[in-house]
Amino acid sequence: MQPAYLEDFARPRGTLSPRAWFRSDAAALDLAGPWRFLLSPTLLGAPDGFWRQDFDDGDWAVLPVPSSWPMHGHGRPAYTNVNYPFPVEPPHVPTDNPTGDHRLAFAVPAGWPGADRGRVVLRFDGVDSCGRVWLNGHELGVTQGSRLPAEFDVTPWLRPGETNVLAVRVHQWSSASYLEDQDMWWLPGIFREVRLLARPTGGVEDFFVHADFDHTTGAGALRVDCAAAARLSVPELGLVDAPVNYTHRIRAVRAWTAETPQLYAGELVTAAERVPIRIGFRTVAIVDGVLTVNGRRIVFRGVNRHEFHPDTGRVVPADTVRAELELMKRHNINAVRTSHYPPHPDVLALCDELGLWVVDECDLETHGFGRLGWRRNPSDDPRWTDAYLDRMRRMVERDKNHPSVIMWSLGNEAGLGANHGAMADWARGRDPGRPIHYEGDRECRYVDVYSRMYADHAEVDAIGRRAEKPLDDPALDARRRAMPFMLCEYAHAMGNGPGGLTEYQELFERYPRCQGGFVWEWLDHGIRRRTADGREFFAYGGDFGEPLHDGNFVIDGLVFPDRTPSPGLVEFAKVIEPVRIEAAPAGIRITNRYDYRGLDHLRFEWRLEAGGEPVASGELDVPPFGPGAYADVAVPPGATGGTGERWLTVSARVAHGEPGLPAGHEVAWGQLPVGSDPTPDASVPAGRRPTRLGREITLGPGTFESAHGRLVRLGGLAVEGPRLDVWRAPTDNDSRGPSAIASRWRQLGLHRMTDRLVDLRHGDGQLVVVTRVAAAQQEIGLLTAYTWTADDLALGLRVTIEPDGEWPVPLPRLGLRMAVPAELARVEWFGGGPGEAYPDSRRAARIGRFGAAVDGLQTPYVFPQENGNRAAARWLTLRDDAGRGLRVEGRPTIDFAARRWTSEDLDAARHTTDLVARDRVILNLDVAQQGLGTASCGPGPLPRYVLRAAPTTFALVLHPVPAAR
């Protein structure tokens, strides 16, 4: 039998009423540090009486608190996305329930405030999943709601001047676990701070800041509700020793927005306590079906954010949090959805300071019931109503004073039931100034905004036109159509991708109703591990022996586990940049895509390059204009004229540093072709005649073997190929989702294609090799003709491809594959860069001249897959340390990737440490790639990015490069 508190429908016991989170000048004692710890596999095996002061814990382990105990070698992490890792029989939990007993002996100085001049509160900011608490042998109660605070009055049992013993028994599973199925690692522990707080008599127990902004007059209205005998001071607003519970009218204030995060420093003062507060004036409203803040429509350029660290799990250091929020700001992100629980309270304080809209989400998800047809789902069960309301109350009360929080969310993927209605009703009554969100309410019975996950572009377009599929209930249908719309999750950032961001952003900008969305998600939740020989990799589901897991589905972020930006984040930053710079008939068009700001905080620079080499630069004079407007400015005189391919790049940079954005940071950029626009060079070398000698054919600087007609030497360089290749190591977006296109590729054998020589002939100054490329047991193929020509210095190649048979699926890619010596480890190119790019994810690739080591061209996706493609190269060279190597010229352009392993090696690998360098560099030269899409959770590539088998011709030139003298 389980103790009642583990199966009591997630109700906390003995806790105080929820209140606002704040710090003050009242005394506090941080109990973080080394605690004694013992993990038992079951409650029955846990030691009895461990809470007694005289209990001997001398042979227990030492565990830091805060911590997630599996991250310190106690038990193992486990990952599931939807499935519960225990039998679903609510509210019951498994008998085999890992139980962590924590003990801390600590001293409280004699005369410590609170013990004799008020009361003392013990506060836990996060305990996963359930904690039973004792102080000095007295049971205080039980925490429930892992990511919400729990406070206990410990005044009668605290002993100043003596040693005190705090004991906490934490269970991995409790009835609360049914409400916390949130697509993340299951990581039990006391993972946020534990503090003793002196609460002086006459101090501030709670307060609620109401700071409204009238956008028509610029006036502010400030009211601070507080039950204590407090006075309010906000010197910058002229309020000194002002009353609380009274609306103060301020004639002119600067509003708080995510773009202009204006905070006013204030203070609540009683005879016993001083509480600093930060005030941001803003008014959230839905007007004519559009979500507004301070009278203006906003567009969410957002991300979903979990709290995770690759070394410490649920415990994220404060400096890491600040760094990641500043990284968001530097990538033009303006909003965070706190998926799927309230974050550490310091996160919201930083969002106030730096400027990020926040959708604050309740600690609630019951997703696993969806796999069971939502039978017995707590959302519509009155026995769980108290737990649902308790979680909503604790979130709202804790976070109500943050101006960054502009919307409350009822949770995530918990079906829909009357308990959601109760949560929404309570929140509106307590805080009518913030709209209610919940994506699971598809009919919008309880919410104020219409929200969807992973709707494809066509559906978003229909919603934008208010032409979505009607509901059966006309009244509900009319109510929903009158609401603003947002994608609370879209563009699943799993592995290489997401694709299609540009087209989503175009819809957000086209339709006022479509107010942006939140990419899933910010961070790859990989756990840092090392192989036996010390090589680092990141683990995911299944790497810890979990019997039920969801593999690498936890690796789906815009930043890698160490918070290094992925190419997806760089692309997202470009797509959502708040300044659009593009060509216009009158020169250069600058469009202000900010919601509130002008452009006076930016300076504009231009740079002219010819063939990728800098020619001239300067500053661009851009007149002032407001959000939503544009101006056309002339191309600078120094940026015109000349010959060859010339590109003008205009950058918008931060003029003076501001929170999260250092001076000089590039906010946006655009490129324009200027000067002459020569016809792309389509010529290939000619003039030399092929010669056959034995089993080899020579043509200019090239030598071919005659069995397959493949190039084996170029000048003095040993090479293999090139030959037609259509395979790529499937991306997560290729491999997952309803379409799972990679499985169809494998069924057709595209990963094991071979070629048959159909014809080899030479004469008239050319070598023609015809092959048929196909897979065993398949009748479809690709007829491929390689036409080689040459002069003394280079080889020209024209490739003609004809599909043979009816191809039922798109191709992964279409191009050539060859191998060159491993010493050719340095790459330089003129084309798109500096990062990787694919057909539906290439906005961030600017045209220029770039260089990198072959190893530096790789994107280390946690789960290895296709990566590293550079787009639209006019030319590229691979060289060794002596300068010897190979030059490839596109006619006019070619995509390329250079790796130390093959696509098959990438396909077989499950972690980056599985990739072993070969003794060759594998060079892919592609005319086309299949788009990326976001089908791992969402739509696949849009039709225009689907690579159909079709007649294709392309050309390139190969040059041997001699060693530098």
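Here the structure is a predicted model, which is why all the values come from computation and not from measurement.

K.L.:
Before we go on, may I ask you to explain the packing of aromatic side chains in this structure?
P.N.:
Geometrically, a pair of aromatic rings is defined through the distance of the ring centres and the angle of the planes. As enumerated under the stated definition, the model contains 34 aromatic pairs in all. Relative to Trp186, the ring of Trp173 lies with its centre 5.2 Å away and its plane at 65 degrees, an arrangement referred to as edge-to-face. One end of the pair, Trp173, is in the loop between strand 11 (163-171) and strand 12 (180-181); the other, Trp186, is in strand 13 (residues 184-186), and 13 residues separate them in sequence. Among the residues examined, Trp173 registers a relative accessible area of 8% and is labelled buried. With relative accessibility at 9%, the residue Trp186 sits in the buried group. Ring geometry for Trp185 versus Phe544: centroids 5.6 Å apart, planes at 85 degrees, classification edge-to-face. Of this pair, Trp185 sits in strand 13 while Phe544 sits in the loop between strand 36 (536-539) and helix 8 (567-575); the two residues are 359 residues apart in sequence, bridging distant segments of the chain. Using a relative accessible area of 1% as the deciding quantity, one classes Trp185 as buried. The buried category is assigned to Phe544, whose relative accessible area is 11%. Across from the ring centre of Tyr341, 5.1 Å away, lies the NZ or CZ of Arg147, which sits over that ring.

K.L.:
Just checking my understanding: could you explain the pattern of salt bridges for this structure?
P.N.:
Close approach of charged atoms allows side chains with opposite charge to pair. Within this structure, the stated rule accounts for 87 salt bridges. One salt bridge connects Glu536 with Arg530, and the closest N-O pair in it is separated by 3.3 Å. Taking relative accessible area as the criterion, Glu536 reaches 31% and is therefore assigned partly exposed. Residue class for Arg530 comes out exposed when judged on its relative accessible area of 53%. Here the salt bridges share partners, and the residues they tie into one network are Asp128, Arg147, Glu180, Arg314, Asp363 and Arg391.

K.L.:
Hey, could you run me through the pairing of strand 43 (residues 666-674) in this one?
P.N.:
Looking down a regular strand, the side chains alternate between one sheet face and the other. Burial analysis of strand 43 places seven of its nine residues in the buried class, which makes it a mostly covered element. With eight bridges connecting them, strand 42 (residues 646-654) and strand 43 associate as antiparallel partners. Paired with Thr649 across the bridge in strand 43 is Gln671.

K.L.:
Explain helix 7 (residues 501-510) to me, please; I cannot follow it from the model alone.
P.N.:
An α-helical turn contains 3.6 residues, so any two residues separated by three or four positions project in the same direction. Among the 10 residues that make up helix 7, seven are buried, leaving the element largely enclosed by the rest of the structure. If you check which residues of helix 7 are buried, you get Leu501, Thr502, Glu503, Tyr504, Gln505, Leu507 and Phe508. Among the structural elements, strand 25 (296-297), strand 26 (300-304), helix 5 (457-464), strand 33 (485-490), strand 34 (514-519) and helix 8 are those in contact with the buried residues of helix 7.

K.L.:
What's the story with the pairing of strand 60 (residues 952-961) in this structure? I'm lost.
P.N.:
Counted residue by residue, strand 60 has eight buried out of 10 residues, so it is predominantly covered. Sheet topology note: the strand 58 (residues 885-899)/strand 60 ladder contains six bridges and is antiparallel. Bridge assignment links Gly885 to a residue of strand 60, and that residue is Val961.

K.L.:
Could you clarify how one ought to interpret the sheet that holds strand 47 (residues 710-714) in this entry?
P.N.:
Paired through their backbone hydrogen bonds, the strands of a sheet run either parallel or antiparallel. With antiparallel pairing, five strands are arranged side by side in an open sheet as 44-45-46-47-48. What marks the edges here is a single partner per strand, and that holds for strand 44 (691-693) and strand 48 (717-718). Two strands pair when backbone bridges link them, and strand 46 (residues 702-705) and strand 47 are joined in this way by four bridges, in the antiparallel orientation. Within the sheet, the bridge partner assigned to Phe704 lies in strand 47 and is Leu711.

K.L.:
Help me out: how do you make sense of the sheet that holds strand 25 in this one?
P.N.:
A sheet is described by the order of its strands in space; here three strands give the open sequence 23-24-25, paired in antiparallel fashion. Of all strands in the sheet, those bounded by a partner on one side alone are strand 23 (284-287) and strand 25.

K.L.:
Looking at this structure, how should I read the nonpolar core?
P.N.:
Side chains of nonpolar character tend, in soluble globular proteins, to be buried together. Leu325, Ile333, Met392, Val460, Tyr490, Trp522 and Phe572 are the most contacted members of the largest nonpolar core, which has 94 residues in total. Filtering out sequence-adjacent residues up to four positions away, Val460 remains in contact with Ala455, Phe485, Leu487, Tyr504, Leu507, Phe508 and Cys514. Core analysis: the next-biggest nonpolar cluster, separate from the first, contains 59 residues, Ile697, Val726, Trp745 and Ile780 among them.

K.L.:
Got a minute to help me understand empty space enclosed by the protein in this structure?
P.N.:
One water molecule sets the probe size; rolling that probe over the atoms shows where empty space is left. Using the criterion set out here, one finds five cavities of 30 Å³ or more in the structure. In terms of residue class, the lining of the largest cavity is built from nine nonpolar, four polar and five charged.

Parameters and conventions
Residues numbered from 1 in each chain as written. Predicted model: local features only at pLDDT ≥ 70, side-chain atom pairs only at ≥ 80, totals over all residues. Heavy atoms only, no water. Phe/Tyr/Trp six-rings, centres within 6.5 Å; stacked < 30°, edge-to-face > 60°. Helix = DSSP H or I, 4+ residues; strand = E, 2+ residues; numbered from the N terminus. Buried < 20%, exposed > 50% of the residue type's maximum accessible area, 1.4 Å probe, protein only. Lys NZ or Arg CZ within 6 Å of the ring centre and 35° of its normal. Salt bridge = Lys/Arg side-chain N within 4 Å of Asp/Glu carboxyl O. Pairing = 2+ DSSP bridges. Contact = heavy atoms within 4.5 Å. Core = buried A, V, L, I, M, F, W, Y, C linked by side-chain atoms within 4.5 Å. 1 Å grid on protein atoms, 1.4 Å probe; cavity = no way out; pocket = protein on both sides within 12 Å on 5 of 7 lines; lining within 4 Å. Points joined across faces, edges and corners; volume = space filled by probe spheres on them. Nonpolar A, V, L, I, M, F, W, Y, C, P; charged D, E, K, R; others polar.

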